[in-house]
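# Fold and geometry: a report
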Amino acid sequence: MSAVANPATVAECLRVGAGFSQGDRNWIAEQFTTLDARLAGFHADATELEVSVKDREAKGQKVTLECWIAGRQKIVTTSAEEDLHAALNDVRDDLRRKLNDAKTKQEPRHNKHLRDVPAPVVEVEPDTDAPRAEAETV
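Residues numbered from 1 in each chain as written. Predicted model: local features only at pLDDT ≥ 70, side-chain atom pairs only at ≥ 80, totals over all residues. Heavy atoms only, no water.

A word on the side chain of Asp24. Examined against the element boundaries, Asp24 turns out to sit in helix α2 (residues 22–31). Judged by relative accessible area, Asp24 falls into the buried class, the value being 16%. At 2.8 Å, the side chain of Asp24 and the side chain of Arg56 are in polar contact. (Helix = DSSP H or I, 4+ residues; strand = E, 2+ residues; numbered from the N terminus. Buried < 20%, exposed > 50% of the residue type's maximum accessible area, 1.4 Å probe, protein only. Polar contact = N/O pair within 3.5 Å; in protein donor to acceptor, adjacent residues only side chain to side chain.)

Below you can see the structure in the form of structure tokens.
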């Protein structure tokens, strides 16, 4: 695995969209710090996160977290949880899952030739000259 010179972090890549103020940004970034380990494999310059909420603190609020990583498809996660904290945790966990799935799909490519070649079968012929030892029972 190649090391990234400027790894992405939530604090560096997060933007707050509709429904949130800049004052909410630090609180949200703290909620999302567990994503840092997953984002570290990507360049900070090529990674963006945006969180927004529609109808904040209303019955039908919807939190959306979007992630753009250069060279990959945009990932969008949403939550309709009524509690804002729970909704943020929901979209964070869903994004982590989707990033892991995307990595799993791409990562094994360099080993594909090893998976396509069946393992050699080694046949062992029984030794007919050696006496068989009986198992002792206690």
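Once you've had a look at it, read on.
Attention now moves to the pairing of strand β4 (residues 75–79). Residues Ile75, Thr77 and Ser79 line the buried face of β4, whereas the alternating positions Val76 and Thr78 sit on a face that is not buried. The sheet contact formed by strand β3 (residues 62–69) and β4 spans 5 bridges and is antiparallel. If you follow Cys67 over to β4, its bridge partner there is Ile75. In this structure, the hairpin formed by β3 and β4 is closed by a connection of 5 residues, where Gly71 is found at a positive phi of approximately 85°. (Pairing = 2+ DSSP bridges.)

Another aspect to go through is the environment of Ala44. Here Ala44 lies in the loop between α3 (36–39) and β2 (47–54). For Ala44 and Val10, which are 34 residues apart along the polypeptide, the C-alpha to C-alpha distance reads 9.3 Å. Setting aside chain neighbours within four positions, we find Ala44 in contact with Asn6, Pro7, Ala8, Glu12 and Cys13. (Contact = heavy atoms within 4.5 Å.)

Residues with a pLDDT of 70 or more make up 73% of the protein chain, whose mean pLDDT is 81. Mean pLDDT across the elements of the protein chain ranges from a minimum in helix α5 (residues 112–116), with 55, to a maximum in β4, with 94. (pLDDT = per-residue confidence, 0-100.)

Turning our eyes to something else, we now look at unusual backbone geometry. In the Ramachandran plot, Asp55 falls in the positive-phi region, its phi being about 60° despite a non-glycine side chain. In this structure, Asp55 sits in the loop between β2 and β3. Asp55 gets classed as partly exposed once you look at its relative accessible area, which sits at 46%.

Per the counting criterion, the structure on display carries 0 disulfides. Free cysteine Cys13: the closest other cysteine sulfur is in Cys67, separated by 8.3 Å. Cys13 gets classed as buried once you look at its relative accessible area, which sits at 6%. Its relative accessible area of 1% is what places Cys67 among the buried residues. (Disulfide = S-S within 2.5 Å.)

With that settled, consider the environment of Thr34. Mapped onto the secondary structure, Thr34 falls in the loop between α2 and α3. Overall, Thr34 belongs to the partly exposed group, its relative accessible area being 41%. In this structure the C-alpha to C-alpha distance between Thr34 and Thr9, which are 25 residues apart in sequence, comes to 9.7 Å.

Right, let's talk about the sheet that holds β2 for a bit. Ordered in space as β1-β2-β3-β4, the 4 strands form an open sheet in which the pairing is mixed. Each edge of the open sheet carries a strand with a single partner, namely β1 (14–16) and β4. Taken pair by pair, the neighbouring strands of this sheet meet at an average axis angle of 15°, ignoring direction. Contacting β1 and β2, α2 runs over the sheet at an angle of about 140° to β1. (Axes fitted to C-alpha atoms, helices over the stretch in contact; angles between N-to-C directions.)

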